[in-house]
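# Topology and contacts: notes
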Amino acid sequence: MKISLNWLKEFVDIDMSQEELSHLLTMIGIEVASVMPVACDLDAIIAARILDIKPHPNADCLSLCTIDTGEKQIPVVCGAPNIKKGDIVPLALPGVRLPNGTKIKKGKIRGEVSEGVLLAEDELGLTDDHSGIMILPDASEPGMPITKIISLEDSVLDLELTPNRPDCASVIGIAREIAAATGKTLKRPEPEVNETGPNIEDLTSVTILEREACPRYTAGVVQHIKIGTSPFWMRYRLHLSGIRPVNNIVDVTNYVMLEMGQPLHAFDYDRLEENRIVVKFARQDESFTTLDGQTHNLDQNTLVICDAKQPVALAGIMGGLNSEIYEDTSNILIESAYFDPVIIRRASKRLGISTEASYRFERGADIEGTHIALKRALELISTLAGGSISKGIIDNYPKPYIARPVTLRIDRTNRILGSDLSRETIEGYLKGLNMDVERPDDQNTLVVTPPSFRVDISREADLFEEVARLEGYENIPITIPKIQPATKTDSQEISFGDHIRSVMRGAGFCEVITYSFISPASADMLDIPDSSPLRSFVKILNPLSLDQSVMRTNLIHGLLTVAESNIHRGAAGLKFFELGKVFFHREDNKQPIERMILTAIITGPYQEKTWYCQERMVDFYDIKGALEVFFEGVGIEDFSLAKTDTIPWFDTNISANVSSTGRVVGNIGRLKPDVVKAYNLKNKDFYAFEVDIEALLACIDKNKQFKPFPRFPAVYRDISILVPKGIESAAIVNIIKQHGKDLVESIRIFDLYEGEKIDKAEKAIAFRICYRSKKGTLDGEKINKLHETIIDIIRQETGGKLREG
Amino acid sequence: MKEQLLTLKNKALDELQKIKDVTDIESFKVAYLGKKGQLTALMKQIGKSPPDIRPEIGRLANTIKATISKAIEEKRSEIIASGAGKKEEIIDITLPGRKPLRGHVHPVNTVIREVCSIFSHMGFNVITGPDVELDYYNFEALNLPKDHPARDMQDTFYVSSNVVLRTHTSPIQVRVMEKTPPPVSIIAPGSVYRRDSDVSHTPMFHQVEGLLVDNDVTFGDLKGILTAFIHQMFGSGTKIRFRPSFFPFTEPSAEVDIQCVMCKGKGCRICSHTGWLEILGSGMVDPEVFRSVDYDTELYSGFAFGMGIERIAMLKYGIDDIQLFFKNDIMFLTQF
Ligand SMILES: [Zn+2]
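Note that the coordinates shown come from a computational prediction; the quantities given were computed from them, not determined experimentally.

### Focus on the overall build of chain B
- When helices and strands are tallied, chain B shows 12 helices and 10 strands.
- For chain B, the C-alpha radius of gyration of 39 Å lies well beyond 20 Å, the compact-globule estimate for 336 residues.
- Projected onto its principal axes, the C-alpha positions of chain B cover 125 × 45 × 45 Å.
- Expressed as a percentage of the 336 residues in chain B, the buried residues total 55%.
- In chain B, once contacts between residues fewer than 6 apart in sequence are set aside, the share between residues at least 24 apart is 66%.

### So, the interface of chain B and chain A
- Listed as interface residues are 100 residues of chain B and, on the opposing side, 92 residues of chain A.
- Contact between chain B and chain A buries roughly 7700 Å² in total, counting both sides, with carbon and sulfur atoms accounting for 56%.
- Three residues stand out in chain B for area buried against chain A, namely Leu101(B), Asp147(B) and Pro244(B), and they jointly supply 9% of the buried area on that side.
- Remark: the boundary between chain B and chain A carries eight salt bridges.

### Remarks on the packing of helix α5 (residues 232-240) of chain A against helix α6 (residues 248-260) of chain A
All names here are of chain A.
- At a minimum axis separation of 10 Å, α5 and α6 run at an interaxial angle of 55°. When the axis of α5 is compared with that of α6, the two are oblique. The chirality of how α5 crosses α6 is left-handed. Between α5 and α6, the contacting residues are Trp233, Met234, Arg235, Arg237 and Leu238 on the first element and Asp251, Val252, Asn254, Tyr255 and Leu258 on the second.
- The residue inventory of the contact of α5 with α6, partitioned by class, reads six nonpolar, one polar and three charged.

### Quick notes on the domain arrangement of chain B
- Looking at the assigned domains, one finds that chain B contains domain 1 (2-82) and domain 2 (107-333).
- Here the C-alpha centre of domain 2 of chain B lies 82 Å away from the C-alpha centre of domain 1 of chain B.

### Structural notes on the pairing of strand β6 (residues 204-215) of chain B
Residues and elements named next belong to chain B.
- Of all the 12 residues making up β6, 11 are buried; the element is thus mostly covered by neighbouring parts of the structure.
- For strand β5 (residues 184-193) and β6, the ladder comprises 10 bridges, and the chain directions are antiparallel. Considered in β6, the bridge of Val184 is made with Val213.
- Of the strand pairs in this sheet, β6 and strand β10 (residues 300-308) are connected by nine bridges, and their pairing is antiparallel. Bridge pairing links Asn215 to Tyr300 in β10.

### Structural notes on the nonpolar core
- Trp649(A), Leu671(A), Phe119(B) and Phe229(B) are the most contacted members of the largest nonpolar core, which totals 122 residues.
- Sorting elements by how many residues they give to this core places helix α8 (residues 219-234) of chain B first, with eight residues.
- Excluding residues that lie within four positions of it along the chain, Leu671(A) makes contacts with Ile556(A), Leu560(A), Trp649(A), Phe650(A), Asp651(A), Val676(A), Phe686(A), Tyr687(A) and Ala688(A).
- Ranked by size, the runner-up nonpolar core spans 51 residues in total, among them Ile178(A), Met234(A), Ile243(A) and Val256(A).

### Comments concerning the layout of surface pockets
All names here are of chain A.
- Counted as a void, the second largest pocket has a volume near 2000 Å³.
- Considering the residues around the second largest pocket, the lining is formed by 44 residues, among which Lys624, Glu628, Ser729, Ala730 and Ile749 are closest to the centre.
- Sorting the residues of the lining of the second largest pocket by element identifies α16 (620-634), β31 (640-643), β32 (650-660), α19 (729-740), β36 (744-753) and β37 (762-771) as the ones contributing at least two each.
- Broken down by element, the lining of the second largest pocket gets its largest block of residues, eight residues, from β36.
- Taken together, the residues of the lining of the second largest pocket break down into 17 nonpolar, 12 polar and 15 charged.

### Re the coordination of the zinc ion
All names here are of chain B.
- The protein atoms that coordinate the zinc ion are Cys260 (SG), Cys263 (SG), Cys268 (SG) and Cys271 (SG), at distances of 2.2 to 2.3 Å.
- Geometry at the zinc ion is tetrahedral, judged from the four donor atoms that bind it and their angles of 101 to 113° at the metal.
- The sequence pattern formed by the donor residues of the zinc ion is C-x2-C-x4-C-x2-C. Accessibility assignment for this pair places Cys263 and Cys271 in one class, buried.

### As for the pattern of salt bridges
Residue and element names in this part refer to chain A.
- Here the structure, examined in full by the defined rule, presents 66 salt bridges over all chains.
- Between Glu594 and Lys581 there is a salt bridge; the shortest N-O distance is 3.0 Å. Of the two residues, Glu594 is situated in strand β30 (residues 593-603) and Lys581 in strand β29 (residues 574-584); the sequence distance between them amounts to 13 residues.
- Here Lys581 falls in the buried class, since its relative accessible area comes to 10%.

### Here we look at the sheet that holds β31(A)
All names here are of chain A.
- Pairing in this open sheet of seven strands is mixed, and the strands run β26-β29-β30-β34-β33-β32-β31 from one edge to the other. Edge positions in the sheet fall to β26 (510-511) and β31, since each of these pairs with one other strand and no more.
- Examined bridge by bridge, β26 and β29 share two bridges and lie parallel to one another. Opposite Cys510, over in β29, you have Phe576 as the bridge partner.

### Describing the sheet that holds β6(B)
- Taken in spatial order, the seven strands of this open sheet run β1-β5-β6-β10-β9-β8-β7 (chain B), and their pairing is mixed. Edge positions in the sheet fall to β1 (125-126) and β7 (240-247) of chain B, since each has one partner strand and no second.
- Bridge count for strand β9 (residues 276-285) of chain B against β10(B) is four bridges, and the pairing is antiparallel. Bridge pairing links Gly281(B) to Gly306(B) in β10(B).
- The strands touched by helix α12 (residues 460-471) of chain A within the sheet are β7 and β8 (250-259) of chain B, with β8(B) carrying the most contacts at an inclination of about 35°.
- Its contacts with the sheet place α8(B) against β7, β8, β9 and β10 of chain B, and it is angled at close to 145° to β9(B).

### A word on the pairing of strand β33 (residues 663-671) of chain A
Residues and elements named next belong to chain A.
- Bridge count between β32 and β33: seven bridges; the pairing is antiparallel. What sits directly across from Asn657, in β33, is Asn667.
- Linking two consecutive strands that pair antiparallel, namely β32 and β33, is a turn of two residues; a positive phi of about 40° is found at Thr661 within it.
- Inspection of the sheet shows β33 paired to strand β34 (residues 686-692) by five bridges, in the antiparallel sense. Of the residues in β34, the one forming a bridge with Arg670 is Tyr687.

### As for empty space enclosed by the protein
- Going through the model one piece at a time under the given rule, you end up with three cavities of 30 Å³ or more.
- Size it by volume and the largest cavity reaches roughly 330 Å³.
- Residue lining of the largest cavity: 26 residues in total, with Arg501(A), Leu579(A), Asn109(B), Ser191(B) and His206(B) positioned closest to the centre.
- Within the residue set of the lining of the largest cavity, elements represented by two or more residues are α13 (492-506) and β29 of chain A together with α5 (107-121), β5 and β6 of chain B.
- Among the elements that line the lining of the largest cavity, the one with the most residues is β29(A), at five residues.
- Across the lining of the largest cavity, the residue classes tally to nine nonpolar, eight polar and nine charged.
- The calculated volume of the second largest cavity comes to roughly 100 Å³.
- Around the second largest cavity, the lining comprises 15 residues; the ones closest to its centre are Ile28(A), Gly29(A), Thr162(A), Asn164(A) and Arg165(A).
- In terms of residues, the lining of the second largest cavity owes the most to one element, α12(A), which gives three residues.

### Overview of helix α9 (residues 370-385) of chain A
All names here are of chain A.
- For α9, built from 16 residues, the straight-helix expectation of 22 Å at 1.5 Å per residue is met to within 8% by its first-to-last C-alpha distance of 22 Å.
- Residues of α9 that are buried include every one of Thr370, Ala373, Leu374, Arg376, Ala377, Leu378, Glu379, Leu380, Ile381, Leu384 and Ala385, and no others.
- Packing partners of the buried residues in α9 comprise β12 (216-223), α5, α6, β13 (264-268), β20 (332-338) and β21 (388-389).
- Of the residues trailing α9, Gly386 is marked for its positive phi of about 70°.

### Side note on the state of the cysteines
- This structure, assessed with the given rule, holds zero disulfides over all chains.
- Free cysteine Cys510(A): the closest other cysteine sulfur is in Cys613(A), separated by 19 Å.

### Focus: the packing of helix α7 (residues 341-351) of chain A against helix α8 (residues 356-363) of chain A
Residue and element names in this part refer to chain A.
- Packing of α7 against α8 brings their axes to within 7 Å, and their N-to-C directions diverge by 140°. On the basis of the axis angle, α7 is oblique to α8. Two packed elements cross with a definite hand, and for α7 against α8 that hand is left-handed. Every residue of α8 that contacts α7 at Pro341, Ile344, Arg345 and Ser348 is listed here: Ser358, Phe361 and Glu362.
- For the contact of α7 with α8, the class distribution of residues is three nonpolar, two polar and two charged.

What counts, and at which threshold
Each chain carries its own residue numbering, running from 1 in the direction its sequence is written. For naming, the first written chain is A and the first written ligand is 1, with later ones following in the order written. Note on the predicted model: pLDDT of at least 70 is required for a residue's local features to be given, and 80 or more for side-chain atom pairs to be given and counted; whole-chain, interface and lining totals, by contrast, use all residues. Neither water nor hydrogens contribute to the side-chain values; these are computed over all heavy atoms in the structure. Secondary structure elements are taken from DSSP: a helix is a run of H or I of four residues or more, a strand is a run of E of two residues or more, and numbering for both begins at the N terminus. Only the C-alpha atoms count toward the radius of gyration. The rule for a globule is 2.2 Å times the residue count to the power 0.38. Summary of the burial criterion: residues with accessible area below 20% of their type's maximum are buried, those above 50% are exposed, and those between are partly exposed, where the area comes from a 1.4 Å probe applied to protein chains only. Only heavy atoms matter for contacts: two residues are in contact if any of them lie within 4.5 Å across the pair. Each of two parts loses accessible area, computed with a 1.4 Å probe, when they are put together; buried area is these two losses added. Think of a salt bridge as a Lys or Arg side-chain nitrogen and an Asp or Glu carboxyl oxygen that are within 4 Å of each other. Helix axes use the C-alpha atoms of the stretch in contact, all axes being lines fitted to C-alpha atoms, and the angles between their N-to-C directions lie in the range 0 to 180 degrees. Any angle that falls under 35 degrees is termed roughly parallel, while one over 145 is termed roughly antiparallel, one within 65 to 115 roughly perpendicular, and all others oblique. Working rule for handedness: look at the near helix, and if it is turned counterclockwise from the far one by less than a right angle, call the crossing left-handed; if clockwise, right-handed. When residues are grouped by polarity, Ala, Val, Leu, Ile, Met, Phe, Trp, Tyr, Cys and Pro land in nonpolar, Asp, Glu, Lys and Arg in charged, and all others, Gly among them, in polar. Boundaries of every domain are those given by an automatic assignment or by a domain database. Only when DSSP finds a minimum of two bridges between them are two strands counted as paired. As used here, the term nonpolar core means buried Ala, Val, Leu, Ile, Met, Phe, Trp, Tyr and Cys residues forming a set that is joined through side-chain atoms within 4.5 Å. The distinction between a cavity and a pocket rests on a 1 Å grid over the protein atoms alone: a 1.4 Å probe fits inside a cavity but cannot get out, while a pocket stays open yet meets protein on both sides within 12 Å along at least five of seven lines, and a residue with an atom within 4 Å of a point counts as lining. Grid points are joined across faces, edges and corners, and a volume is the space filled by probe spheres set on the points. In this analysis a donor is any N, O or S atom within 2.8 Å of a metal ion (3.2 Å for sodium, potassium and calcium), and since water is not included, sites may seem incomplete. In these descriptions, tetrahedral denotes four donors with every angle between 85 and 135 degrees, square planar four donors and octahedral six donors with opposite donors over 155 degrees apart and the rest between 65 and 115, and irregular any other case. The span you would expect from a helix comes to 1.5 Å times its residue count less one. The disulfide criterion is simple: two cysteine sulfur atoms within 2.5 Å.

Have a look at this one:
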């Protein structure tokens, strides 16, 4: 909310700098986002009198003026239609810079000399008005700076209001807070209304059919007014508050709303059927056109202001086109009412209309203040637009405000705040906030009745904040509480998550974070079959875009998207991982299933070429190695791969489930070329693994124990064997383990050869077996025998043959 | 004879001491112990000495030989160890080393970890909760009934009429309190979602929520714990201010500002010329929240706070664009 500092000063004395005022307001809970000085650069603009106006010889729309600057007479060419002989107007002489940056120069306009420029309000940076040259008061002396003639210098405070404080959404509201914080007196406006018209009862009536929705409706009538432009001072203040001036009547309603916080509405009295008001709910599907020309479809929960026949306004939101003030309006009815916040909010939400009025009503206006605001408006209208004000006002108040006292305990206040404030101090703070405070005999309590505009205060806790605010948060002493040591283990999602991240970082992977919502088209891009649970997306009802409209069921989509953007920015070798949640839809309005998974992808060269190593493209064994390092890092000692064709995005030839302790914990493989292509990444090899964190945790031995070193020496024997390519190394390893019994401690594959020197259908593979006994030193002869046996079995079972040399 | 042997020994050891090069050691060894070496020559004469002292001379000569041999080996090791012996090998120490591959953790997670660890050390338990949350936990139990204007503060993604993407990490508070009687001290990180996307907002971001409930927890305690946290996070000299604000689930509520890290309070673009930066929201738990979890509001009090992780990371690392966290450009990620 923007308010003028001068306006504020009408209601409270402010004898501090703007910085001090900003700090004061911010520290009592009204955040000052900025303070902007206005009209501070107009000292060089002087008042000048128009002595003579002649038509410009060469241009119909221009005139040639003779201007008295106070010092001399100069010629000025001007195009504005509104000036006349004798007017006092703002003048900028050559050399003067206008607020918009333009520098005035002496020059010729269509052949005629012009030694200055007459200015409109917008050129002075005062309002948006460019309808004509600004006319200054008659009494002004030519040559005087205009800032000496009219009060222009001001500052605009931009305030960030919290939704619980609608009472601060006005100049008086802010003045009230300043008064409370500084101990100054609030100067309340006391409107004086000269009632010269007929009795109000003879002019109109207000019928409230919904007393819960509209507990109070006050109204006044002014006859024989003259619609026109508001005076400069009012338009200037509205402009500074960000409200566009319209005409003197509408401007008054806006001005009073800004000043007092009470939204008002002016109806054209003669356009109201039977000149009367009825407050009721709309009919279902009733159509209504608001004054901005939009037509809305109403429902039975929309409160409307009607005349004898039809709706004329959406209560508390916006008036109707059918009762709007127009140029020839001469009689008006002013509404100042209170509406139920929830009713207004629902209607405003449903219709998608938010206005200055609805903002205030849905947060809570001051039900006890409607008549004062009405009187203030009537006072201003008669000053600005003339006319005669009806005798008396309509004040239909079917559900009067009931003040609700709150009991405040002094000891409790101090126990919550950690303060040591006396009853007197607290009482003083609350009274300063216009609260009515009674002192019961018990010494420990105060019975506090908040004013009607403090809709946020209904409980003791609400008063703690008021006390703390006025004491000043900075004055409440800092203490350190005793905290019981944490007895529960931390969330695995975080503690294990951190561990996973450090292992993956150690393995050379870079972590990414992508949005949890993705495009539903990702399912097709990843080749996910129709029946797959990976398609049971949690859908967002109101997504920002289709691309972010379903919750992800996998992380591979996000990682491929990140890879794509990096590759298109020129990156080559990528190793990315993401540790995050995936979501699976459940029926019946239930929360979805959330699972934490880890996905890693690699592509491109393993490492850039350096002085010590050649560039090499990644392959399956790089991703498998990463998985192995990951498993070792998190404490999984035993795992196996089994080929599968169930992972939609993997190449069926290079795709496996990963199991540990008999359960599947993840998968690994190469991305299908079609999937890669769907991500705009042609001819790139991508490898990935995915691990389900919950499944993984179940496989980790949480009871890790130290293993003593072996006591007896090991014996090493090698086997080098030629086998058909289809034979998996694991098959041979299993044979060795199975037949080597407990004497085989470990097996290392130390060589692999496929190439010209051997048959195309074969590969040569070499194992180094470490034999060791727990019981004693091994006998070389015995081991040789065992080794031979193992070799024989391998040959029989795999059809392999020993390789020479 | 004996004299000669001892003189030779001293001469040899002195000479050996001066040697600085492995090759010189070899020639030294030849000069004394070689077939035509000085000691060898002297030893050949032992046979000519009187028989009564011959064994003694022989023993002495052998001892001296052993002493010199040992000294030679020691000298050799010494020279090799000092590296001086390989003077012919020249290496370019400015060549880059053979680097093991190194990965990177996303700065958001680094900051989450840092924040959680500070609170862990104070005795807070790290807790998490679901991202897709019931309206009840996200709003209602936090004193944000339907049709409350404060719901406008957080534009919400809906999954169904009563299921939302959590707009803050505060629902975790309620879930914990529902299950655990006081005292409670938790810190809860996680992703949150708001229907808001522009230069300074992303529809998903991260928060850390904290809660302490016990007998007689005060607003002064809130100030104490958060001051301790900020001093650990941003340095012990960081100026802090607590100012009144509004959150539906706390009363009184406080916004916590730190002195602008960019301009040190002088006022700059980052702090909108106020000299202060909003860093977290906090307050004393509203009695309505305690009521929804059946805590006795007369017996217990507590404070809660929440902070945006991206914002903290931006201030900490001087990042001026929140979008960078989710673009995942390797030029960004590899800086952390
Ligand atoms: Zn700054």
